[in-house]
Amino acid sequence: NVSDPYQIAFSPDKKYFVSASLRLHRCDIYSGSDFKLLKRVETPKGPSHIIFDQDSKYVFVTLQDTNQLGVIDL
């Protein structure tokens, strides 16, 4: 399936590019240099907004339909 991202973002160190797919309930993690898919992470319903910690170790994803916050260890 095509990701159909709700939001996309580069990590501060530009090592990762993350796509949050609201409709498909997943986050796709790509290499920031060549956009190769590194990992697909299934999430609860509604992954939407993305923010990274300043060291690019974690990505935080809001989950609209659950009012929770997902954390992915990069």
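All figures in this text were calculated on a predicted structure; none of them were measured in a lab.

Caption draft 1: Here's a closer look at the sheet that holds strand E3 (residues 26–31). Across the sheet, which stays open at both edges, the four strands sit in the order E1-E2-E3-E4 with antiparallel pairing between neighbours. The sheet terminates laterally at strand E1 (7–10) and strand E4 (37–42), the two strands that pair on one side only. Strand-to-strand twist in this sheet, taken as the mean axis angle between neighbours without regard to direction, amounts to 15°.

Caption draft 2: Summary view of unusual backbone geometry. One non-glycine residue, Lys14, adopts positive backbone phi at about 65°. Tracing the chain through its elements places Lys14 in the loop between E1 and strand E2 (16–21). Residue class for Lys14 comes out exposed when judged on its relative accessible area of 51%.

Caption draft 3: A look at the pairing of strand E6 (residues 58–63). Every second residue of E6 is oriented toward a common face, the buried set being Val59, Val61 and Leu63 and the non-buried set Tyr58, Phe60 and Thr62. Here strand E5 (residues 47–52) runs beside E6; their pairing, made up of four bridges, is antiparallel. Note on E6: the bridge partner recorded for Ile50 is Val61. As defined by bridge partners, E6 adjoins strand E7 (residues 68–73) across six bridges and the pair is classed as antiparallel. Residue pairing in the sheet places Phe60 in a bridge with Val71 of E7. Hairpin geometry of E6 and E7 is characterised by an intervening segment of four residues between the two adjacent antiparallel strands and by a positive phi of about 55° at Asn67.

What counts, and where the lines are drawn
Residues numbered from 1 in each chain as written. Predicted model: local features only at pLDDT ≥ 70, side-chain atom pairs only at ≥ 80, totals over all residues. Heavy atoms only, no water. Pairing = 2+ DSSP bridges. Helix = DSSP H or I, 4+ residues; strand = E, 2+ residues; numbered from the N terminus. Axes fitted to C-alpha atoms, helices over the stretch in contact; angles between N-to-C directions. Buried < 20%, exposed > 50% of the residue type's maximum accessible area, 1.4 Å probe, protein only.

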